[in-house]
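Observations on the model geometry
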Amino acid sequence: MQRGDREVVINGQRVTLTEKDAAHGLITARDFGGTRKWRTCYTSDGTGHAMLYTVSDQVIGEAIPVHERMEALALIHDGQQCHGAVVRDLISGELSAYLARATVVATGGYGRIWGISTNALINEGMGAALALETGVARLGNMEAVQFHPTAIVPAGILVTEGCRGDGGLLLDKDGHRFMPDYEPEKKELASRDVVSRRMAEHMRAGKGVPSAYGEHLWLDISNLGAAHIDKNLREVKDICRYFLGIDPVKDPIPVRPTQHYSMGGVRTDHRGESPWLHGLFSCGEAACWDMHGFNRLGGNSVAETVVAGMLVGEYVADYCYSSHGQVDLSPALARQFVERERASLTALTANAGSESAVALRARMEQIMTDKVGLFRNGADLESAVGELADLLARSKQVGLRANNLDANPELVLAYRLPRMLKVALTVALGALQRTESRGAHFREDHPARNDRDWLNRTLAFWPEGDTLPSLDYESLDVMRMELPPGFRGYGVKNIVEHPASAERQAEVDEVVEAKPDRYSRQSALMPFKHLLPVRYRGRNARLDDASS
């Protein structure tokens, strides 16, 4: 950030901001919507890549071994303690047991169970599936799935929310900027679930742009100018050039809402550990760590990656050196799990079944897209659960044309498919049972957010031999919340209030009035410092905060 004047685009208009001298040299932030503050630090539009390359460079610099082309097939456990994982070499097919005091699932989300997703091809939900298949660990909030407003058509590749944060506009087939009609205050910078639904509603009203790949809308960033796009949105420009053959400096970008982020995952405590299977940790998008709730604000995955990676890594190290981590790892148990997986793979290659893994997966993706998507309703969800359960049963009769156990992509798809179907069933059943709308989970037949009956987390586990997951619910204590449930200013207020919300809000207001200092206020409302590793308990600095 540089001191002095700079020009930005806010609400479609060019505005001059003046940066204070004290801000000079700090990391700049852009408006990522959903809140009143510009809160998202960035590196052009390649923040994720910058983080990824930095971490990989550190791994190399610290000589940390990385075993590439290896895939976990099962978690080794005794029903109470995780002892590691059974791992398959994707090249040789060899199975190995990795015994460990602590095992961390950091496999990302599960977006590829939908037909079109912004996720990488590898995000098939295998980490969640392996935890689910233990029958012990729980998955949390699996029905909470975010659709991003601006994925390009038809490829589904994401163009960053920074486009709208920097001043880009959403237009319909008539060139009309429609978001102010729906959200006059936040406009294009409403939260992602809201923008996505407004876009879908507008297309339903006949305002979509027809194309060979279905209807879409336009994202116009030409008002930002070539210099801004070339500097701050250069990856967007490359995506448009290589995948669409257009120049966003001059041409609008065809976009529509597409599955993007998984708020659900392996349910953990604040340390990243499963409360049900000790020694099993999870972080990032693979975890339900309570960074997001039922929706994710743009940029929060960056915070989740940095903060969870830092904190959970510390907690894992502490666990391994503590008495809890001093467990007797069992080679006999490991051999049992390895032989189980070897027998399963051998049976799969010997199966003369007539089902095609490719066809079953394609059908699963279509069901999820059509019936467990941006808009949900009871009839479609019930149908989805039934059809997915049928696909899971049929997946046991998948036949292979190539029966070798070494490098065999057909085999890989065949053993991943039932796990993907289990994840899909967990999402669909959770969505069916949750008869309300909350965050990214929107039920057309239950449009109200029901804090009275549904202010809880969904917990899912899959007992061995069952055909469907079992669901349980974890209640939330409103009287411990720093920000109790309330109306957040989107659309029409449609909330079934929690009976304790008003009481807690009164307590919060009283604390805020009595304690103007943000540190004492935080300590009174939501103390957490004692949960952090000692080195992170210091005060965080803020610009113009004399007490920091």
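Everything below is about the structure printed above this text.
Here's what I pulled together on the structure shown here. (Residues numbered from 1 in each chain as written. Predicted model: local features only at pLDDT ≥ 70, side-chain atom pairs only at ≥ 80, totals over all residues. Heavy atoms only, no water.)

The next thing to look at is the nonpolar core. Of all hydrophobic cores here, the largest spans 71 residues; its most connected members are I113, M364, M368, L388 and V427. Secondary-structure elements contributing two or more residues to this core are β5 (70-77), β6 (82-89), α2 (126-133), β10 (145-152), α9 (331-350), α10 (357-371), α11 (378-394) and α12 (409-433). Here this core gets 16 residues from one element, more than from any other, and that element is α12. Dropping the residues within four chain positions of it, M368 is found in contact with I113, W114, G373, L388, A424 and V427. If you look at the next biggest cluster of nonpolar residues, it comprises 26 residues, including L217, V249, I253 and Y490. (Core = buried A, V, L, I, M, F, W, Y, C linked by side-chain atoms within 4.5 Å. Buried < 20%, exposed > 50% of the residue type's maximum accessible area, 1.4 Å probe, protein only. Helix = DSSP H or I, 4+ residues; strand = E, 2+ residues; numbered from the N terminus. Contact = heavy atoms within 4.5 Å.)

With that settled, consider the pairing of β6. Summarising burial for β6: eight of the eight residues are buried, a large majority. Looking at chain direction, β5 and β6 are connected through seven bridges and run antiparallel. Looking across to β6, one finds that A72 is bridged to V87. Following β5, the chain reverses through four residues before pairing antiparallel with β6; G79 in that reversal takes a positive phi of roughly 95°. (Pairing = 2+ DSSP bridges.)

Right, let's get into the sheet that holds strand β18 (residues 456-461). Ordered in space as β16-β14-β9-β18-β19, the five strands form an open sheet in which the pairing is mixed. The open sheet has two edge strands, β16 (287-288) and β19 (470-475), and neither has a second partner. Direction of pairing for strand β14 (residues 265-267) relative to β16: parallel, over a ladder of two bridges. Among the inter-strand pairings, R267 is bridged to a residue of β16, identified as C288.

This brings us to the sheet that holds β5. As summarised here, the arrangement of the three strands in space is β5-β6-β7, forming an open sheet in which the pairing is antiparallel. Because the sheet does not close on itself, it has two edges, and the strands there are β5 and β7 (95-99). In this sheet, neighbouring strand axes are inclined to one another by 30° on average, regardless of whether the strands run parallel or antiparallel. Running at roughly 45° to β5, α12 makes contact with β5 and β6 of the sheet. (Axes fitted to C-alpha atoms, helices over the stretch in contact; angles between N-to-C directions.)

This brings us to the packing of α11 against α12. α12 packs onto α11 with a crossing angle of 160° between their chain directions and a minimal axis gap of 9 Å. As far as their axial angle goes, α12 and α11 are roughly antiparallel. Crossing of α11 against α12: the hand is left-handed. Contact with α11, carried on its side by G378, L381, E382, V385, L388, A389, L391 and L392, involves P418, L421, K422, A424, L425, A428, L429, A431 and L432 of α12 and no other residues of that element. Looking at the contact of α11 with α12 residue by residue, the class counts come to 14 nonpolar, one polar and two charged. (Parallel < 35°, antiparallel > 145°, perpendicular 65-115°, else oblique. Left-handed = near helix turned anticlockwise from the far one by under 90°. Nonpolar A, V, L, I, M, F, W, Y, C, P; charged D, E, K, R; others polar.)

All chains considered together, the criterion is met by 43 salt bridges. Between D174 and K207 there is a salt bridge, with the nearest N and O atoms lying 3.3 Å from each other. In this pair, D174 sits in the loop between β11 (169-171) and α4 (179-182) while K207 sits in helix α5 (residues 192-207), placing the two residues 33 residues apart along the sequence. Taking the relative accessible area as the measure of exposure, K207 reaches 30% and is therefore partly exposed. The salt bridge partner of E183 is R198, with a shortest N-O separation of 3.0 Å. Taken together, the residues E183 in the loop between α4 and α5 and R198 in helix α5 connect sequence positions 15 residues apart. Counted as one network, the salt bridges with shared partners bring together E143, R434, E436, R438, R449 and D451. (Salt bridge = Lys/Arg side-chain N within 4 Å of Asp/Glu carboxyl O.)

This paragraph deals with the side chain of E188. Position of E188 among the secondary structure elements: in the loop between α4 and α5. With relative accessibility at 3%, the residue E188 sits in the buried group. Only 3.2 Å separates the side chain of E188 from the backbone nitrogen of L170, close enough to count as a polar contact. Ignoring any residue separated from it by four or fewer positions in sequence, one finds E188 in contact with R164, G168, L169, L170, R177, M179 and V195. (Polar contact = N/O pair within 3.5 Å; in protein donor to acceptor, adjacent residues only side chain to side chain.)

Along the polypeptide, R192 turns up in helix α5. Within the structure, R192 has its side chain in polar contact with the side chain of Q146 (distance 3.0 Å). Within polar-contact distance, the side chain of R192 engages the side chain of E161 at 2.3 Å. Non-local contacts of R192, meaning those with residues more than four positions away in its chain, are made with F32, Q146, F147, H148, P149, E161, H260, R296, G298 and G299.

Tallied over the entire structure, the rule returns five aromatic pairs. Between F281 and Y319 the ring centres are 5.3 Å apart and the planes differ by 70°, which places this aromatic pair in the edge-to-face class. Of this pair, F281 sits in strand β15 (residues 280-282) while Y319 is found in helix α8 (residues 300-321), placing the two residues 38 residues apart along the sequence. Residue Y319 is classed as buried on the basis of its relative accessible area, which comes to 5%. The aromatic ring of Y242 is capped on one face by R241, whose charged end is 5.5 Å from the ring centroid. (Phe/Tyr/Trp six-rings, centres within 6.5 Å; stacked < 30°, edge-to-face > 60°. Lys NZ or Arg CZ within 6 Å of the ring centre and 35° of its normal.)

Attention shifts here to unusual backbone geometry. In this structure, the amide linkage connecting V153 to the following residue, P154, adopts the cis form with an omega of 10°. One can find P154 in the loop between β10 and α3 (162-165). You will see that A63, though not glycine, has its phi angle at about 55°, which is positive. The topology assignment puts A63 in the loop between α1 (47-61) and β5. A63 gets classed as exposed once you look at its relative accessible area, which sits at 62%. With phi around 55°, N141 is a residue other than glycine that occupies positive phi space. Here N141 lies in the loop between β9 (139-140) and β10.

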